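Commentary on secondary and tertiary structure
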Amino acid sequence: MNYFQPNLVDTVYSANSPLMVENHYKNPNGFKRLGNEDLCGTTIDPNNEISIREKFEKTGALNPPVDTNIYIKNSFGNDIQLPNHKCIVDSKTGKPLSVMSKTYTTQDNEPIYEVFERNKDILSLENICLMNDGARIFVSGGVKDSDMEVSKDDPIRRRLCFINSYDGSYSFKVVSIDFRLFCFNQMGRINRSKNKLVFKHSKGINDYVKNLPEFISWQREDLANSIEEFKAMKNVSFDNRSQAMEVLKNLSKQMLADKLIGSVVDKETKEKRPKDFNKDLSKEWADIRSNFLKETQNFEIAPNLYNCFNALTFQQTHCEQRVKDDIKGARVRMESLLNGKCGNRIDLVKNKCLALTR
């Protein structure tokens, strides 16, 4: 059996929230511009007033994982137990979730539920997404009553993403992220020291959960730092269209520099050559340029650095994709935004943009 199925997404819960979005960005439930979480599964009716625990249970997020012994048959047909490994199984569905070392400590998802239950006055449950038959979970919540605007009707929300796994792909962690609600762009992961929480499964995670209210309250205060950074970008304007496009293209090259490492075989000459931005990243540049034109209403609005940054984050948040299947693409993109190259690129280009404000 294949215990690692990276494109398998099971279920998702999405909360209903009155966010300011363009009509053509709304999904059938009127939630928000479709984020990757929404594309990665079946949405539970957000109008159903059920408890937080029921929302977790409906997705299977609280199905207890159990450790079981593994047996194989030898050439004589006898069952032989594997002494150094165990199989982690969903106790309700009977599905094997992963095969791990006997020394691996399995941590269930109860602490994540506890965070939202104990802090429901300050943290709203927005998404629950299970992957790989429930072996991985991503739960997102918004810090309540803390949205701040870069300019009128352009709010930013601080969200916390809780991550856990039964297959060793993730430790138990909390990632802080700012999202622009207008287009649901991820605006970077919050990398300041007070925003990092990573727990080993072997530690007492439940003890950490008791101290999370202080961490969540800090997020509300710290969002102001991000808003000031975005406002500083907005204050950097360009003299003309040519200058704006030059800056945007330079930032694009810097953000996507990792994609230009190495060489490729040229489609026309059939000879190996270094990778080239114009030839090999034409789709990425087209997506970035297209969104920049939308940001500026085709230059009806005077362009600024904040427009550039949003065009770049939109490409990584919504367009970056190698596979044709949009659901698989959203799954890969979501994980990459939280813990991989997409998130790294946004963080990198954010620093490049901030350097231009000084």
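Relevant structure appears above.
Residue numbers restart at each chain and count upward from 1, following the sequence in its written direction. Reporting in this predicted model follows two pLDDT cut-offs: at least 70 for local features of residues, and 80 or more for side-chain atom pairs to be given and counted; totals over whole chains, interfaces and linings ignore these cut-offs and use all residues. In computing side-chain properties, one takes all heavy atoms of the structure into account and sets aside hydrogens as well as water.

With that out of the way, let us pick up the pairing of strand β5 (residues 123-131). Extensive coverage of β5 is indicated by the burial of 8 of its 9 residues. As defined by bridge partners, β5 adjoins strand β6 (residues 136-143) across 8 bridges and the pair is classed as antiparallel. Note that in β6 the partner of Met131 across the bridge is Arg136. Between β5 and β6, which pair antiparallel and follow one another directly, the connecting turn spans 4 residues, one of which, Asn132, has a positive phi of 55°. Relative accessible area decides the class of each residue, using a 1.4 Å probe on protein chains only: under 20% of the type maximum gives buried, over 50% gives exposed, and in between gives partly exposed. A run of H or I in DSSP becomes a helix once it reaches four residues, and a run of E becomes a strand once it reaches two; helices and strands are each numbered from the N terminus. Pairing between strands is defined by DSSP: at least two bridges between the two strands are required.

So, about the sheet that holds strand β4 (residues 96-101). One open sheet holds the 3 strands; their spatial order is β2-β3-β4, and the pairing between them is antiparallel. If you trace the sheet from one side to the other, it starts and ends with β2 (65-73) and β4, each paired once. When the angles between neighbouring strand axes are averaged without regard to direction, this sheet yields 40°. Between N-to-C directions, angles span 0 to 180 degrees; the directions come from axes that are lines fitted to C-alpha atoms, helices contributing only their stretch in contact.

This part is about the side chain of Ser336. Examined against the element boundaries, Ser336 turns out to sit in helix α10 (residues 326-339). The class for Ser336 is buried, based on a relative accessible area of 14%. For this analysis, a polar contact is any N or O atom pair within 3.5 Å, provided that within protein one partner can donate a hydrogen and the other can accept it, and provided that sequence-adjacent residues contribute only side-chain to side-chain pairs. Polar contacts involving the side chain of Ser336 include one to the main-chain amide nitrogen of Cys342, which spans 2.8 Å. The contact criterion used is simple: two residues touch if any of their non-hydrogen atoms lie within 4.5 Å. When sequence neighbours within four positions are dropped, the list of residues in contact with Ser336 reads Lys341, Cys342 and Gly343.

One speaks of a salt bridge when a side-chain nitrogen belonging to Lys or Arg is within 4 Å of a carboxyl oxygen belonging to Asp or Glu. In total, this model carries 28 salt bridges according to the counting rule given. A salt bridge links Asp153 to Lys152; its shortest N-O distance comes to 3.2 Å. A relative accessible area of 43% means that Asp153 is categorised as partly exposed. A salt bridge links Lys279 to Asp266, with the shortest nitrogen-to-oxygen separation between them at 3.8 Å. Here Lys279, found in helix α7 (residues 277-280), pairs with Asp266, found in the loop between β12 (263-265) and β13 (272-274); they are 13 residues apart in sequence, far enough to count as distant. On the basis of relative accessibility, which here comes to 8%, the residue Asp266 falls in the buried class. Among the charged side chains, a salt-bridge network with shared partners connects Asp258, Lys259, Glu284, Glu320 and Arg345.

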